[in-house]
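A look at the structure
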Amino acid sequence: MWTFFRAISIVIESSSSSNGFEREKGRREKKLIGSSEVIKRIKEQIELAAGSEATVLITGETGVGKNVVAVTIHDLQAKRETFLTINCSAIPENLMEAEYFGHEKGVFTGAEARREGIFELSDGGTLVLDEIGDIPMHLQSKLLTALEDKTIRRIGSGRAIPVDVRVIATTNEDLEEAIREKRFRQDLYYRLAVLNIHIPPLRDHPEDIPEISDYFVKRFCRKPVKIPDSHIKKMMKYPWPGNVRELRNIIERATLLLQGDEIRPADLLLQESLSSPAEKTSQKPMNIRDIIPLEEIKRRHILSALRACSGNKSLTARSLGVSLSTLKRKLREMNIT
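Everything quoted here is computed from the prediction, not taken from an experiment.

**Observations concerning helix α10 (residues 243-256)**
Helix length check: α10 (14 residues) gives 21 Å between terminal C-alpha atoms against 20 Å at 1.5 Å per residue, within 8%. Of the positions making up α10, those classed as buried are Asn-243, Val-244, Arg-245, Glu-246, Leu-247, Arg-248, Asn-249, Ile-250, Ile-251, Arg-253, Ala-254 and Thr-255. For α10, the elements touching its buried residues are α8 (209-220), α9 (229-237), α11 (265-268) and α14 (313-320).

**What to know about the nonpolar core**
Counting 33 residues, the largest nonpolar core has Tyr-100, Phe-119, Leu-129, Ile-132 and Phe-184 as its most contacted members. Looking at this core, the elements that each hand over two or more residues are β4 (83-87), α3 (96-101), α4 (118-121), β5 (126-130), α5 (137-149), β8 (166-171), α6 (175-180) and α7 (186-192). No other element matches α5, which puts five residues into this core. Look past the residues within four positions of Tyr-100 in its chain and what remains in contact with it is Ile-86, Cys-88, Gly-117, Ile-118, Phe-119, Leu-129, Ile-135 and Leu-139. Counting 22 residues, the second largest nonpolar core, distinct from the first, contains Ile-212, Val-217, Ile-250 and Ile-251.

**Focus: the packing of α8 against α10**
The interhelical angle for the contact between α8 and α10, taken along N-to-C directions, is 40°, at an axis separation of 9 Å. If you check the angle between α8 and α10, you find them oblique. Crossing of α8 against α10: the hand is right-handed. Here Ile-212, Ser-213, Phe-216, Val-217, Arg-219 and Phe-220 of α8 come into contact with α10, specifically with Val-244, Leu-247, Arg-248, Ile-251, Glu-252 and Thr-255. Split by residue class, the contact of α8 with α10 holds seven nonpolar, two polar and three charged.

**Side note on the environment of Ile-161**
Examined against the element boundaries, Ile-161 turns out to sit in strand β7 (residues 161-162). Take Ile-161: its relative accessible area is 8%, and that puts it in the buried class. The spacing of Ile-161 and Ala-146 is 15 residues in sequence and 9.8 Å in space, taken between C-alpha atoms. Among all residues touching Ile-161, those that are not within four sequence positions of it are Glu-120, Lys-150, Thr-151, Ile-152 and Arg-154.

**Focus: the pairing of β4**
Counting buried residues in β4 gives five out of five residues, a clear majority hidden from the surface. As defined by bridge partners, β4 adjoins β5 across five bridges and the pair is classed as parallel. Pairing of Thr-85 across the sheet is with Val-128, part of β5.

**Some points on the side chain of Thr-255**
Residue position: Thr-255 is located in helix α10. A polar contact of 2.6 Å, which involves the side chain of Thr-255, links it to the backbone oxygen of Glu-252. Residue contacts for Thr-255: discarding those within four places in its chain leaves Phe-220, Cys-221 and Ile-263.

**Points about the packing of α14 against helix α15 (residues 324-333)**
Where α14 meets α15, the axes come as close as 9 Å, and the angle between the chain directions of the two elements is 105°. The orientation of α14 with respect to α15, classified from their angle, is roughly perpendicular. Residues Lys-313, Ser-314, Thr-316, Ala-317 and Leu-320 of α14 pack against Leu-324, Leu-327 and Leu-331 of α15. Split by residue class, the contact of α14 with α15 holds five nonpolar, two polar and one charged.

**A word on unusual backbone geometry**
If you check the backbone angles, Lys-182 has positive phi at about 65° while not being a glycine. You can see Lys-182 is positioned in the loop between α6 and α7. A positive phi is found at Asn-243, a non-glycine position, where the angle reads about 60°. Relative to the helices and strands, Asn-243 is located in helix α10.

**Some words on the confidence of the model for the chain**
Of all residues in the chain, 84% have pLDDT values of 70 or greater, and the mean over the chain is 82. The weakest mean pLDDT in the chain belongs to strand β1 (residues 10-16) at 31; the strongest belongs to strand β3 (residues 56-59) at 97. Long-range and interchain partners of residues 1-29, a stretch whose pLDDT sits below 50, account for 96 contacts in this model, where long-range means more than four residues apart. Segment residues 271-283: pLDDT under 50, and 16 contacts once partners within four positions in sequence are set aside and those in other chains are kept.

**Some details on the packing of aromatic side chains**
Taken as a whole and judged by the stated rule, the model has six aromatic pairs. A ring pair is formed by Tyr-238 and Trp-240, whose centres lie 4.6 Å apart and whose planes are at 85°; its orientation type is edge-to-face. Considered together, Tyr-238 and Trp-240 belong to a single accessibility category, that of buried residues. Counting every residue linked through ring pairs, the aromatic cluster contains Tyr-100, Phe-101 and Phe-119.

Calculation rules
- Here the residue numbers are simple positions, counted from 1 along each chain's written sequence.
- A pLDDT threshold of at least 70 governs which residues receive local features in this predicted model, and a stricter bar of 80 or more applies before side-chain atom pairs are shown or counted, although totals over entire chains, interfaces and linings include all residues.
- Side-chain metrics rest on all non-hydrogen atoms present in the structure, leaving aside hydrogens and water.
- Runs of E in the DSSP output that reach at least two residues are strands. Runs of H or I that reach at least four are helices, and both are numbered from the N terminus.
- Any helix carries an expected span of 1.5 Å times its number of residues minus one.
- With a 1.4 Å probe rolled over the protein chains alone, any residue whose accessible area is under 20% of its type maximum counts as buried; one over 50% counts as exposed, and the rest are partly exposed.
- It only takes one pair of heavy atoms within 4.5 Å for two residues to be counted as in contact.
- To define a nonpolar core, start from buried Ala, Val, Leu, Ile, Met, Phe, Trp, Tyr and Cys residues and group those joined through side-chain atoms within 4.5 Å.
- Under this scheme, a helix contributes an axis fitted over its contacting stretch, all axes are lines through C-alpha atoms, and angles between N-to-C directions fall in the 0 to 180 degree range.
- Comment on the angle field: the value is read as roughly parallel under 35 degrees, roughly antiparallel over 145, roughly perpendicular from 65 to 115, and oblique elsewhere.
- Each crossing gets its hand from how the near helix is turned against the far one by less than a right angle, where anticlockwise is left-handed and clockwise is right-handed.
- Only Asp, Glu, Lys and Arg are considered charged, only Ala, Val, Leu, Ile, Met, Phe, Trp, Tyr, Cys and Pro nonpolar, and every remaining residue, Gly among them, polar.
- For two strands to be treated as a pair, DSSP must find no fewer than two bridges joining them.
- N or O atoms within 3.5 Å of each other form a polar contact, as long as, within protein, one can give a hydrogen and the other can take it, and as long as residues adjacent in sequence are counted only when both atoms are side-chain atoms.
- In predicted models, pLDDT denotes the confidence assigned by the predictor to each residue on a 0 to 100 scale.
- When the centres of two rings from Phe, Tyr and Trp lie within 6.5 Å, Trp using its six-membered ring, the rings pair. Their planes under 30 degrees apart give stacked, over 60 give edge-to-face, and anything left gives tilted.

Right, here's the structure in full:
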């Protein structure tokens, strides 16, 4: 339910449990697509992380492939089998402690039975804390204790429960900035970032776009299909704000619109966007009267995306590279119905 496509590209089969955690299962195709120095460096860091039990912090923009790297680290290590992911930004703040550490029966209204939290469920395995920057301050100290002491306490119980969990955290936030703003504990940051893997945005390694695009075309098409070289070159100039996730979604949509054995520029729905910002600026100098407020640009872009996705909010959120909850919040803020 909360796992989006693990960009850079791993094919994952997953099932969502009723408590909102995600347990990965089935065959995983472990593939980092690309031959650039960026991808080579990430592979080396993954090998290093897989050979240790240290906590890992994976950083990068939305859609670059943070969770793909987390899954790959888990799959390459021999010791642990269970793999669980929890999206820290998707849990209501008043339920977070119970989701992480569990609770005893009757400790609060609705607690009709004792329940294990994500740490207990992950015992002996790997736990990915997705979007770790969204954990509130009052829970960060308890998370730090769990990492340091390898024990947790359920709500309503004073008994320390030992847990053996390998934690991998991901975030698109600048945690150092969050520390300066007193939104994130410095000691927790250092505890998480024993190994730190940063994934650059796709625009920083456009030389991988042809190979990644070819991978997705083969994944979504059962017959041989190609993208013209002229359009690949334009794609390499596009800034890809949604990174590999955006590229994946656009290729998937293009294959649905496919007629024949060649993806046309119109199928990619990027024909007006493929010019880089610098190219657009050079075409016509901007007059101060022509400047559009940033919020209005965002509003128009969201509306255009909604129209392109026929009003499907889930598809729109994936295409924009944001969570469904984030899109819904933006729609409310902008009074878009």
